[in-house]
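Next come the chains, spelled out residue by residue.
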Amino acid sequence: MENEHQGDLERLVLTHVQQSNYRAAKPRAIARQLKLPEEQHRDLKKTIKRLVKQGRLKYASNHLVLPMAAGESKPGQKDKSAAGGVTGIFRRTSGGFGFVRPAGTARSSGKSQDIYIPKSKTTDAADGDTVLVRLSNEQQRGGEMRASGEIVEVLERDTHRFVGTYFERAEVGYVQVDGTVFAQPICVGDPGAKNARHGDKVVIELVRFPSHMHDGEGVIVEVLGARGEPGVDTLGIIREYNLPELFPEEVLDVARQQADRFNESLDGRLDLTGVTVITIDPVDARDFDDAISLERLDNGHWRLGVHIADVSYFVPEKTLLDDEARDRATSVYLPDRVIPMLPEIISNNLASLQPERVRYTKSAFIEMTEDGARVATDVHNAAIRSDRRFTYEEVDEYLADPKPWREKLTPEVFDLLDRMHELSMILRRRRLDHGAIELTLPEVKIDLDKNGRVAGAHLVENTVSHQIIEEFMLSANEAVAQMMTDAKLFFLRRIHEPPSPKKLKALTEFVRELGIPCESLESRFEIKRVIEAVADRPERHAVNYAVLRSMQKAIYSPVEEGHYALASDQYCHFTSPIRRYPDLVVHRMIDSLLSDQRPPNDFEHLSLLGQHCSEREQRAEAAERELIKVKLLDYLSKRIGEQMDAVITGVEDFGLFAQGINLPAEGMIHVSSLQDDYYDYDSRTHTLTGKRAGNSYRLGDVIRVEIFHVDIDRRVLDLRLVTRLKKAPAVPKRKAADRSPNGKGKPRDKKKDKRKSAKSRGKK
């Protein structure tokens, strides 16, 4: 009987996957498409794995299931013409060696799938290049067996331009490229090219990439300014990450045309100008892209209105303005400036939901039961007039003591705030009970002086006012995603894959090694229980960092996959079209539905667009992290010998990574500096253990370190261990979504808020 069931399931899967209208999907989505009961999902996964091994199906990237084409080789069969070649992205380390992640490898597979490339086998490949690797053998690294190989060809350069510091030697100009991309300086020929002076930051274009066989050669294409001058560090990161700056004049012309045609008329929209609507934003926000209304219906239900700036009205498709927005895909938030996705005439004016002004919106009305269960969703092209702009601080003051506010506010606005607080806390409790994961990690932001240099740092708080707006943004994103799903459309989802079973098993073992009893952490509810159990214990850092390391990154994709951290089956981004292109794409699909037209249902197009937007988002986040790192290194370079408390954020066989608790600078404690003992590395428990009893350091330990050495150009911070601390300081909660959560409810950096409104409303 079991064999018969197995055969039936194989035939069912093969028939489904080989249909002409089948779109690549994950096993979980296939189970839903086949309407299999929950108890058969595990059997389906086993069946698909078996069919892949047999060569009758295959996995694409992200574990999408595809039929095997006629004549296609089975997995594991080597391409003899490429001598066992593997294509992937090369990542070079500071030591010169590197790793290649094979193309199509699922992100959940982790580092163990990376191919180790010795320094002498990297040829002239640079960090980020797409390369062809010839496999050789396996080597043991960090307690794991990893494939080893050599790069035989660079298939595609990630970039030919690099930023570095100019100097002269023996009447020849050289540039030491920032970071650890190239160990040796690049020759740029005659001294004084482009009037560069010793110590200037410059941009070079490589004519010949360096390798272990020959030196690199390049040419200076731009002089950014003297190293250390205000703004030069920011400009260097902008060039390094190829970030856009000024909008082309022809793009601005299209934006101006949109301004000329806007006259605040209703234009056939649903008239909500008489409805009580408010915005809640940072005190220094310049644009407002979401507003809220809320009423109680006669049947006791809630009717939540989430009104989002209708950017699609001002950004017509197939225009230069749309092309530019799509290419940028996201606004970029650097510590001392913002690079917007859209010209400010739109983001800060036409589309901004300013008080007492008629503004166009996509208004989602969500009806909920008294306990917050969604029962209906309607979306309209509407026009609103915001009654009042609140800051987060004002709402927190109101919640602390409403009485003084009764005279300041109209009765309608006063009552609206009370209703918003009540419903948001209902939704928050419902979401957490449903399995949403929250981590307890320190959230520290740097403070800058007028010259853009670090002046200090502050711990941010996730107050109730932030939580109110976050809950409403999450509700709107879920409701719109469900509406799209019900319409049987492919659309850009915000997906967050579950951690791999392998990582969850390792996480379970790690938590037990800490002496914390737990069941398998493959259950999200067990993860939540453990996090809550250690909330006031020193082990909380270890547990929270280990959970965070097990998480995937959230991405954009039309693949029907839920959002793990939010415990949401259907989720997309709808609430921030001013700063995220995927939201704008969703708005346009809503426009089609509202006009009784079926939007284009192109899975392949959306897959490519989702990949592009995900890459742009990751580029923006990487640029922000790198500039913060540069500014912190500059700050610490004047504080050699000072001590600070830190938490261990990474453990490798060569040493410990630690990040300051009160200052978010991360540096390395090399194992050679731990001279009190001989240490062994355990990758399973993220631990360096000495020969002496009780002498060990693990992920999450709180320690005191000394600032030992700073190299700003190479972006290296060396720390020295002073002592271990027994008690960890208290920290506020933050979300686990997107690995680096930054939703509408995320606490704000007020200095950064002077240049923008919320960085990402509902970024999860």
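For clarity, every value in this text was computed on a predicted model and none was experimentally measured.

Cut-offs used in this document
- Residues numbered from 1 in each chain as written.
- Predicted model: local features only at pLDDT ≥ 70, side-chain atom pairs only at ≥ 80, totals over all residues.
- Heavy atoms only, no water.
- Helix = DSSP H or I, 4+ residues; strand = E, 2+ residues; numbered from the N terminus.
- Contact = heavy atoms within 4.5 Å.
- Areas by Shrake-Rupley, 256 points an atom, 1.4 Å probe, with all protein chains shown as cover.
- Buried < 20%, exposed > 50% of the residue type's maximum accessible area, 1.4 Å probe, protein only.
- Patch = residues over 30% accessible without salt bridge, like charges linked within 9 Å, V, L, I, M, F, W, Y side chains within 5 Å.
- Salt bridge = Lys/Arg side-chain N within 4 Å of Asp/Glu carboxyl O.
- Lys, Arg positive; Asp, Glu negative; His and termini not counted.
- Charge placed at Lys NZ, Arg CZ, Asp CG, Glu CD.
- Polar contact = N/O pair within 3.5 Å; in protein donor to acceptor, adjacent residues only side chain to side chain.
- Expected span 1.5 Å × (residues − 1).
- Arc of directions from axis to C-beta.
- Pairing = 2+ DSSP bridges.
- Axes fitted to C-alpha atoms, helices over the stretch in contact; angles between N-to-C directions.
- pLDDT = per-residue confidence, 0-100.
- Phe/Tyr/Trp six-rings, centres within 6.5 Å; stacked < 30°, edge-to-face > 60°.
- Lys NZ or Arg CZ within 6 Å of the ring centre and 35° of its normal.

**Q** Would you explain the overall build of the protein in this entry?
**A** For the protein, the count of helices and strands is 17 helices and 35 strands. Pairs at least 24 apart in sequence give 67% of the contacts found in the protein among residues at least 6 apart. Of the roughly 34100 Å² of accessible surface on the protein, 47% is carried by carbon and sulfur atoms.

**Q** Explain helix 4 (residues 232–240) to me, please; I cannot follow it from the model alone.
**A** Each α-helix turn comprises 3.6 residues. Residues three or four places apart therefore point the same way. For helix 4, the complete set of buried residues consists of Val232, Thr234, Gly236, Ile237 and Ile238. As for helix 4, its buried residues are in contact with strand 8 (161–169), strand 11 (200–208), strand 12 (217–226), strand 17 (332–334), strand 18 (337–339) and helix 16 (603–636). Note on helix 4: the residue one or two positions beyond its end, Asn242, has a positive phi of about 55°.

**Q** Hey, could you run me through a negative patch on the surface in this one?
**A** Together, Glu356, Asp387, Glu412, Asp415 and Asp418 line one region of the surface with negative charge. Topologically, Asp418 is positioned in helix 10 (residues 411–434).

**Q** So what exactly am I meant to see when it comes to the side chain of Arg328 here?
**A** Along the chain, Arg328 falls in helix 7 (residues 320–328). Here Glu245 takes part through its backbone oxygen, which lies 2.9 Å from a polar atom of the side chain of Arg328. One polar contact links Arg328 to Glu324, side chain to side chain, over a distance of 2.8 Å. Non-local contacts of Arg328, meaning those with residues more than four positions away in its chain, are made with Pro244, Glu245, Leu246, Phe247, Ile339, Pro340, Met341 and Arg616.

**Q** Teacher, can you tell me more about the pattern of salt bridges here?
**A** Pairs may arise between side chains of opposite charge once their charged atoms sit close together. Counting across every chain of the model gives 55 salt bridges. Salt bridges here are not isolated pairs; linked through shared partners, they connect Asp178, Lys201, Arg227, Glu240, Glu626, Asp713 and Arg715.

**Q** How should helix 5 (residues 249–261) be read in this particular structure?
**A** Its 13 residues place the ends of helix 5 19 Å apart at the C-alpha level, agreeing with the 18 Å of an ideal helix rising 1.5 Å per residue. Listing the buried residues of helix 5 in full gives Val251, Val254, Ala255 and Gln258. Angularly, the buried residues of helix 5 cover 95° about the axis, an arc narrow enough to put them on a single face. Next to the buried residues of helix 5 lie helix 6 (311–314), helix 7 and helix 8 (344–350).

**Q** Sorry, what's going on with the pairing of strand 34 (residues 716–724) here?
**A** Walk down a regular strand and you will see the side chains alternate between the two sheet faces. Bridging between strand 33 (residues 702–711) and strand 34 involves 8 bridges; their strand directions are antiparallel. Its bridge partner being in strand 34, His709 is matched across the sheet by Asp718. Connecting strand 33 to the antiparallel partner strand 34 that follows it, the hairpin turn spans 4 residues, and Arg715 within it adopts a positive phi of roughly 60°.

**Q** Would you take a moment to explain the sheet that holds strand 30 (residues 679–682) for this structure?
**A** Hydrogen bonding along the main chain pairs the strands of a sheet, whether they run parallel or antiparallel. Across the sheet, 3 strands lie side by side as 30-31-32; this open sheet has antiparallel pairing. Of all strands in the sheet, those with a lone pairing partner are strand 30 and strand 32 (696–698), marking the two edges. The sheet shows a mean angle of 15° between the axes of neighbouring strands, direction not considered. Of the pairings in the sheet, the one linking strand 31 (residues 687–690) to strand 32 comprises 3 bridges and is antiparallel in character. Within strand 32, the residue paired with Leu688 across the bridge is Tyr697.

**Q** I keep staring at the environment of Tyr166 and nothing clicks. Help me out?
**A** One can find Tyr166 in strand 8. The class of Tyr166 is buried, set by a relative accessible area of 0%. Distance in space between the C-alpha atoms of Tyr166 and Cys187 is 9.8 Å, their sequence separation being 21 residues. Within polar-contact distance, the side chain of Tyr166 engages the backbone nitrogen of Gly192 at 2.8 Å.

**Q** Looking at this structure, I do not really get the environment of Arg32. What am I missing?
**A** As for its position among the elements, Arg32 is in helix 2 (residues 27–33). A residue is classified by how much of its surface remains accessible, and Arg32, at 36% relative accessible area, is partly exposed. With 528 residues separating them along the chain, Arg32 and Glu560 place their C-alpha atoms 9.7 Å apart.

**Q** Which parts of the structure should I look at to understand the confidence of the model for the protein?
**A** The predicted coordinates of low-pLDDT regions are not to be read in fine detail. Across the protein, pLDDT averages 86, with 89% of residues at or above 70. Mean pLDDT across the elements of the protein bottoms out in helix 17 (residues 750–753) (39) and peaks in strand 16 (residues 302–309) (98). For residues 106–110, every residue scores under 50 in pLDDT, and the model assigns this stretch 13 contacts once sequence neighbours within four places are set aside.

**Q** Explanation requested: the packing of aromatic side chains in the structure shown.
**A** The final tally for this structure, using the stated rule, is 17 aromatic pairs. For the ring pair Tyr313 and Phe314, a centre distance of 5.0 Å and an interplane angle of 85° mean the geometry is edge-to-face. Ring geometry for Phe390 and Trp405: centres 6.5 Å apart, planes at 50°, overall tilted. Separated by 15 residues along the polypeptide, Phe390 in strand 21 (residues 388–391) and Trp405 in the loop between helix 9 (392–400) and helix 10 bring together distant segments of the chain. A network of ring pairs unites the aromatic residues Phe262, Tyr313, Phe314 and Tyr360 as a single cluster. If you follow Arg269 out to its NZ or CZ, it ends over the ring of Tyr360, 4.2 Å from the centre.

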